[in-house]
Each structure stands twice: as C-alpha cells, then as structure tokens.
Amino acid sequence: MMYSKLAFRNIRRSLRDYIIYFVTLTLTAALMYSFLALGFSPDILAMTENMSMLTSGILMLSVLVALLSSFVVGYAIRFMLGQRKKEFAAYELMDMEVKTVRNLFLVENSIIGGAAFLLGSLLGTAMSGLLNQVVQNIFEIPHRYQVLFSLRALGMTLFFFILMYGFGMLRAAKVIRRRKVIDLLYDNQKNEEAGFQPLHRSVLTCLLSLAAMVAGVILLEKGLHIQTNEAMLYWGGACLLILAGVYELHRKIPMLLYQLAKRNPHRKYREETLFFLGQIGRRIQSSGRTMAVVAILLTVSLATMFVGMTMGAGYKANMEAYYPYDAGVAIDAPLTKDSMDSVRSFVEERCEVEDSVTYYLYAVPNETIEALSLSDYNHLREILGLSPVSMNNNEFLVHCDTWNYMDGIRQGLEQKPEITLNGWTLTPAETPILTEPMEQYQMAGTKGYVLVLPDEVASRLSGEKIRLVMKLEDSGYPELKNELKQFLNSGKWQPDIQPGQELPERVTMGVTVKAWGVANSLTGFTTLSFCGLYLSIIFIILSCSVLAFEQLSAIDRNRKNYAVIDRLGVSGRRQASLVRRELSTVFLIPLFFPIVLTVLLIVGTQFFFGEAILQEGLVLFYGLVTILLFCAIYLTYFGATMSLFKRVILRPEMH
C-alpha cells in the first residue's frame with residue numbers, strides 16, 4: 001500500500017515529464033483501435049467480397065506499429081529514468097532494494113499506460129465512427145455518424161498495446177537493475193565528447209548526398225516509363241539513394257552551418273550569439289543522428305500519406321468516368337452491329353438488360369479525333385439519365401469529360417470555328433462543349449474527348465471501332481466481367497466484318513462492368529489509402545516523440561547554462577527568445593528536406609499524373625491536406641516541448 005501511494009505521488013510530482021509520453025501512448029492506442037475497429041466493422045466487410053484485404057492490411061501494419069512503438073516507449077522510459085536517476089539513487093541510499101525501486105517505477109508506468117490505453121480507446125471509438133463514414137462515403141452508401149464499439153478490435157488493440165509496452169518495460173527494468181548508485185548520482189556530470197569533421201569533408205559529403213538524391217530522382221523518373229518488373233528495381237534504388245541523401249544531408253548540413261557561423265567573428269560575438277551557437281553545437285553533436293533518422297521517417301511518412309490519399313481520392317474522382325455504364329464491350333475493329341446481338345443475348349441470359357445501344361466510333365479524315373453520331377450520343381445520355389441534346393444539321397459539338405483538354409479544345413474552336421467533312425461545312429452548336437462523365441478513354445472516345453456529328457454526316461464516315469453499352473437491372477454483378485471475357489474469347493461468338501473492311505493486325509478488346517469496378521478496384525485503392533494514412537500518422541507521432549524526448553533529455557545541462565547567463569544579467573525576455581530560437585532550430589533541422597521533397601513529389605505527381613485525374617486541382621488539394629495535417633501534429637509536439645522547456649529552465653516570471 002505504501003509503495004502504491006508513493007507511485008501515485010511520484011506520478012503527480014513528475015507529471016511534467018510524463019505529459020508527452022502520455023499523449024504519445026494515448027494517440028497510438030486511439031489510432032490502433034480506430035483503424036482495427038474499421039477493419040473489423042461488419043458494415044464495411046459486407047460492402048464487397050474482397051474487403052477483407054483492408055482488415056489484413058491494418059492487422060499487418062498494427063504489428064509493425066507495435067514493434068516501432070516499443071522502441072519509442074523504451075526511448076521515453078530511458079528519458080524518464082535519466083530525469084529521476086538522483087531520486088532512485090536516494091531510494092537505494094535509504095536501503096530500498098533495487099528490485100523494489102524497479103517495481104515502483106514499473107507500477108508508475110503501468111498506471112500511466114493503463115490510463116493512456118483507456119483514454120485512447122475512448123478517442124479511438126469516436127474516430128472509428130468518422131473513418132466508417134469516410135469509407136461509406138467513398139462507396140456512396142447512405143450513412144450517418146454512429147459510435148462504433150468492437151470488442152474484437154479492443155482485444156486486438158490491448159494485445160498490441162501490451163506487446164508494445166511490454167518490450168519497453170523489460171528494457172527499462174534491465175537498465176535499472178544494471179545501474180549503480182554512483183552512476184545515478186553523477187551521470188549528468190560526465191563530459192561530452194565533442195568534435196566535428198573538417199570543413200572540406202563536410203562540404204564534400206553534402207555534395208555527394210545531393211548527387212545521390214538527384215540520381216534517385218532520375219531513376220524514379222525512368223522507372224515511371226518502364227512497364228515491366230524492372231521498374232521495381234529502379235524505384236527501389238531511387239528510394240534508397242534519396243533516403244541515404246536525406247540522412248547524410250541532415251547529418252552534415254547542420255555541422256557545416258555551425259562551423260561557418262563560428263568562423264564569422266562579427267556575428268559570433270554579437271549579443272548572445274556565442275551562447276546560442278554553443279547550445280546548438282551541443283545539440284548537433286549529441287542529437288545529430290537522431291535528427292537525421294527522424295528526417296528519414298518524416299520523409300517516408302509525408303510521401304506515404306500524400307500518395308495514399310491522392311490515389312484513393314483520385315480513383316474516387318475517376319470512378320464515375322471509368323464506370324458510368326453498367327456494362328460495356330469495346331472492340332477496335334470494323335464489325336457489323338449484328339455481331340453484338342449475340343453478346344447482348346449472352347448477358348440477358350444472366351441478368352435483365354433494361355436498355356442497350358450498339359454504335360460506332362467513326363474515324364475523322366485527317367484528324368486524330370473520333371466521332372459519334374448524334375442519335376447514338378443521345379442514346380448514351382439516356383442510359384446515363386442525362387437530357388438529350390439537339391442541334392442543327394450544319395452544327396457539331398465536342399464532348400470532353402477530361403478537364404486537362406478543355407483549354408486546348410476552346411482554343412482550337414476559336415482558331416478554327418468551322419470544319420468541313422465530305423463536303424459538309426459545320427459550325428459549333430450553341431453549347432459547343434459538354435462535360436458529363438461518359439468514359440472517354442474507351443467507350444465514348446479513346447482520347448478523352450469525341451466529336452458529335454449529325455447522323456447524316458456521321459453515316460458517311462468509316463466506323464472503324466464498335467461499342468456496345470448496356471443498362472442492367474440492379475447494375476449487374478461483379479462476376480459478369482469474367483463471364484463476358486470468356487464468351488468473347490471462346491469459339492461460341494462469331495463476329496462479322498463490315499463489307500469491304502479488314503481486321504487490323506492487332507484487335508484491342510475491352511470489357512467494363514460497373515459492379516466489378518466498385519467491388520474490386522475501389523476496394524484496393526481504399527485499402528491503400530487507409531493503410532497509408534494509418535502508417536504515416538503513426539510515423540509522424542513517433543518521430544515527433546523521439547525528437548521531443550531528445551531535446552528534453554538535455555534539460556538538466558540547459559538549466560545550468562541558462563542559470564549562468566541569468567546571473568550575468570541577460571534579461572528574461574532575451575532568455576525566452578533564446579529558448580524559442582534554440583528549440584525552433586532543432587525542430588526545423590529534420591523538417592527541411594522532408595518538406596522540400598514532399599513539395600517536389602506533389603509537383604511531380606501533378607505533372608506526370610494530373611491529366612489522368614478528372615477532378616481538377618485534386619493533387620494540389622491533397623498535397624495541401626498532407627502538409628497541413630503533418631504541421632498540426634508537428635507543431636503540437638513542438639509547442640508541448642517548448643512549454644515544458646520554459647517551465648523547467650526559466651524562472652516563473654519569465655515564462
């Protein structure tokens with residue numbers, strides 16, 4: 001009972017040291033529970049037959065999260081041991097057994113861990129409801145917010161939490177058992193080993209690191225243009241070169257800047273600059289590797305978060321354009337329309353076909369654009385529930401559901417407002433461009449846009465590509481896609497070629513089924529998005545925790561240093577300013593290259609893949625969301641560290 005009271009008293013007294021530790025444990029538990037509850041949710045699993053891949057992905061990542069978090073827990077516990085070593089030495093000098101001291105510390109941490117788990121589970125329960133809403137919104141399922149409680153998710157979270165916490169506690173117990181009283185009393189008085197590389201070696205290392213990063217970007221760009229498995233080698237090599245460059249730059253650039261600053265006597269001896277440089281120099285020397293590792297983790301976290309959210313949102317934005325029709329067959333060959341009757345009959349044997357249209361994509365002479373007849377175009381609009389379009393026999397319009405082509409089409413219409421086809425001169429219709437999603441990379445064109453012509457004009461062109469679109473009862477079923485592909489590739493289907501036409505050397509064939517697209521493609525991208533978000537947020541939290549503990553671990557020495565300049569007459573305002581400069585510099589050092597590389601990734605994604613995403617500005621929007629979410633977490637830890645630092649180092653009236 002006495003030791004329990006002592007443990008609670010110690011927790012209250014050391015609450016300042018425990019706060020960041022407690023917040024980290026709480027957030028980790030909350031994220032674990034919320035994502036596991038999402039993976040185990042019956043409503044989510046019932047959406048598609050392969051949604052279990054989301055559960056598997058979250059479970060595998062939770063194992064990784066528990067492993068990584070155990071190292072951070074051990075790191076945090078070593079920090080707290082360092083803060084309380086004199087207290088434990090006093091216990092041992094009062095004849096308290098080492099075993100009792102160890103048990104006392106473990107009881108304190110168990111209380112903290114238990115409270116963090118309970119609070120994290122409550123927060124995770126609220127968060128899981130929000131995540132559930134997001135997934136249901138992606139699948140366009142009517143939903144409302146509801147608190148989700150999953151006993152299975154709670155049990156798995158507890159298991160991973162104990163696994164994470166147990167490893168950290170075992171390491172702490174080993175440290176206490178091996179430390180001697182003399183070490184506990186005088187450990188903070190040991191001299192630091194100082195020393196920096198020569199300036200020219202630091203410059204050479206920085207140049208080599210930049211070269212490695214540039215080489216990595218070049219390999220990454222080449223890998224994007226390779227369609228074989230060889231691309232994986234390029235991407236792997238690119239990532240290794242970029243991360244190695246980030247690590248070395250974060251190790252050497254702070255040292256380089258520090259050495260250059262100390263070589264400038266005019267700046268070095270101005271006001272408290274010499275004191276500030278001394279503080280930063282010690283931080284770089286003692287925490288340089290930690291900051292470099294944190295920089296790598298932040299780089300991976302930001303890239304994972306951005307790619308995950310952009311892929312999921314991009315596919316969701318393209319979903320309506322990719323699968324606007326319940327079922328469609330596209331064959332790039334001059335077949336007769338009667339050839340598609342047997343395809344429709346095959347589908348009717350399996351599900352009711354409410355409506356269908358067989359049509360041609362016509363080749364426009366001397367132009368790369370393809371054409372649709374107005375009647376076929378309006379039939380497609382009717383299937384999609386859109387109102388029909390009317391125009392005169394001497395007019396045309398362009399349909400384009402791909403935003404990146406819009407400016408070029410407008411400029412083309414301004415420069416050449418009339419077109420002449422087989423003796424017919426056509427002018428733009430009253431509404432020359434329409435933009436509703438119609439799947440213009442396969443069904444209503446193959447280039448992202450199509451020319452709509454009067455029937456009489458279109459009938460004089462060559463129909464080189466044939467299409468069949470069907471509206472099915474209840475949108476069909478996912479297995480229909482494979483059944484259709486098997487039928488088209490079997491000998492049962494005997495298509496006819498238009499008179500006077502020949503088959504091309506290579507016939508391209510495509511089958512689309514909306515039910516299959518939703519059930520498979522969207523599920524995969526949802527899994528990638530949520531797993532990427534889960535892992536990246538955990539990485540950011542753990543990285544910020546390590547950085548905060550690294551700064552707080554030097555708090556005893558800093559207290560003495562600031563006490564010296566306080567006695568020398570440095571004002572409280574100047575001391576508070578020095579604390580802000582010192583911590584801001586330390587927190588900004590591992591932040592620079594991850595942010596720069598993330599901005600380059602956003603710009604590169606917009607440049608290479610922006611045209612493939614039909615929603616304009618989506619890449620830039622989720623790039624901004626990634627940076628803002630990261631900054632919110634990072635600044636929270638920075639603010640907490642700053643507050644604790646000031647409370648310990650500065651006199652109360654200086655806070």
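Residues numbered from 1 in each chain as written. Predicted model: local features only at pLDDT ≥ 70, side-chain atom pairs only at ≥ 80, totals over all residues. Heavy atoms only, no water.

Caption draft 1: Here's a closer look at the packing of aromatic side chains. Counting across every chain of the model gives twelve aromatic pairs. Ring centres 5.0 Å apart and planes at 85° place the aromatic pair Phe621 and Tyr622 in the edge-to-face group. Judged by its relative accessible area of 48%, Phe621 falls in the partly exposed class. Lying across the ring of Phe346, Arg350 places its NZ or CZ 3.7 Å from the centre. Residue placement shows Lys481 over the ring face of Trp516; its charged tip is 3.7 Å from the ring centre. (Phe/Tyr/Trp six-rings, centres within 6.5 Å; stacked < 30°, edge-to-face > 60°. Buried < 20%, exposed > 50% of the residue type's maximum accessible area, 1.4 Å probe, protein only. Lys NZ or Arg CZ within 6 Å of the ring centre and 35° of its normal.)

Caption draft 2: Examining a negative patch on the surface more closely. Negative charge collects at one region of the surface, where Glu352, Glu354, Glu473 and Asp474 lie side by side. Mapped onto the fold, Glu473 is located in the loop between β8 (462-472) and α17 (480-488). (Patch = residues over 30% accessible without salt bridge, like charges linked within 9 Å, V, L, I, M, F, W, Y side chains within 5 Å. Areas by Shrake-Rupley, 256 points an atom, 1.4 Å probe, with all protein chains shown as cover. Salt bridge = Lys/Arg side-chain N within 4 Å of Asp/Glu carboxyl O. Lys, Arg positive; Asp, Glu negative; His and termini not counted. Charge placed at Lys NZ, Arg CZ, Asp CG, Glu CD. Helix = DSSP H or I, 4+ residues; strand = E, 2+ residues; numbered from the N terminus.)

Caption draft 3: Region of interest: helix α13 (residues 341-348). Of the positions making up α13, those classed as buried are Val343, Phe346 and Val347. End-on, the buried residues of α13 take up no more than an arc of 95°, which puts them together on one face. (Arc of directions from axis to C-beta.)

Caption draft 4: Local environment of the pairing of β8. In the sheet, strand β1 (residues 327-331) pairs with β8 via five bridges, with the strands oriented antiparallel. Bridged to Ala327 within β8 is Met470. Here strand β2 (residues 353-363) pairs with β8 via ten bridges, running antiparallel. Paired with Tyr359 across the bridge in β8 is Arg467. (Pairing = 2+ DSSP bridges.)

Caption draft 5: Layout of the nonpolar core. Counting residues in hydrophobic clusters, the biggest one holds 99 residues, and the most contacted among them are Tyr21, Leu25 and Tyr534. If you tally residues by element for this core, the top one is helix α18 (residues 514-552), at 18 residues. Counting residues in each nonpolar core, the second largest holds 44 residues, with Phe346, Leu461, Leu484 and Leu488 among its members. (Core = buried A, V, L, I, M, F, W, Y, C linked by side-chain atoms within 4.5 Å.)

Caption draft 6: The arrangement of the pattern of salt bridges in detail. This structure, assessed with the given rule, holds nine salt bridges. In this structure, Arg467 engages Asp332 in a salt bridge whose closest nitrogen and oxygen atoms are separated by 2.9 Å. Residue Arg467 is located in strand β8, and its partner Asp332 is located in the loop between β1 and α13; the two are separated by 135 residues in the primary sequence. Relative accessible area serves as the criterion here: at 1%, Arg467 is assigned to the buried category. Across the pair Glu349 and Arg350 runs a salt bridge whose closest N-O atoms are separated by 3.3 Å. Of the residues examined, Arg350 reaches a relative accessible area of 37% and is grouped as partly exposed.

Caption draft 7: Up close: the environment of Glu550. Structurally, Glu550 is set in helix α18. Here the alpha-carbon distance between Glu550 and Ala76, two residues 474 residues apart in the chain, equals 9.1 Å. The contact partners of Glu550, leaving out residues within four places of it in the chain, are Tyr75, Ser286, Ser287 and Thr290. (Contact = heavy atoms within 4.5 Å.)

Caption draft 8: Structural view of the confidence of the model for the protein chain. Chain-level pLDDT for the protein chain is 82 on average; 86% of the residues reach the 70-or-more range. Low confidence marks residues 189-194, where pLDDT is under 50. Its contacts with residues over four positions away, or in another chain, come to five contacts. (pLDDT = per-residue confidence, 0-100.)

Caption draft 9: Just the sheet that holds β1, in detail. An order of β5-β6-β4-β7-β3-β2-β8-β1-β9 is seen for the nine strands of this open sheet, with the pairing classed as mixed. Because the sheet does not close on itself, it has two edges, and the strands there are β5 (419-421) and β9 (509-513). On average, adjacent strands in this sheet sit at an angle of 30° to one another, irrespective of strand direction. Here four bridges tie strand β4 (residues 395-400) to strand β7 (residues 449-453), and the two strands are oriented antiparallel to one another. In the strand pairing of β7, Leu397 is matched with Val452. (Axes fitted to C-alpha atoms, helices over the stretch in contact; angles between N-to-C directions.)

Caption draft 10: Representation of a nonpolar patch on the surface. On the surface, a nonpolar cluster with roughly 400 Å² of combined accessible area is contributed by Phe159, Leu163, Phe167 and Leu170. Mapping Leu170 onto the fold places it in helix α7 (residues 151-178).

Caption draft 11: Structural context of unusual backbone geometry. Of note in this structure, Asn422 is not a glycine but carries a positive phi near 50°. Here Asn422 lies in the loop between β5 and β6 (424-434). A relative accessible area of 43% places Asn422 in the partly exposed class. The phi dihedral of Asp474 is positive, around 55°, even though this residue is not glycine. Summarising the element assignment, Asp474 is placed in the loop between β8 and α17. By relative accessible area, Asp474 is classed as exposed at 68%.

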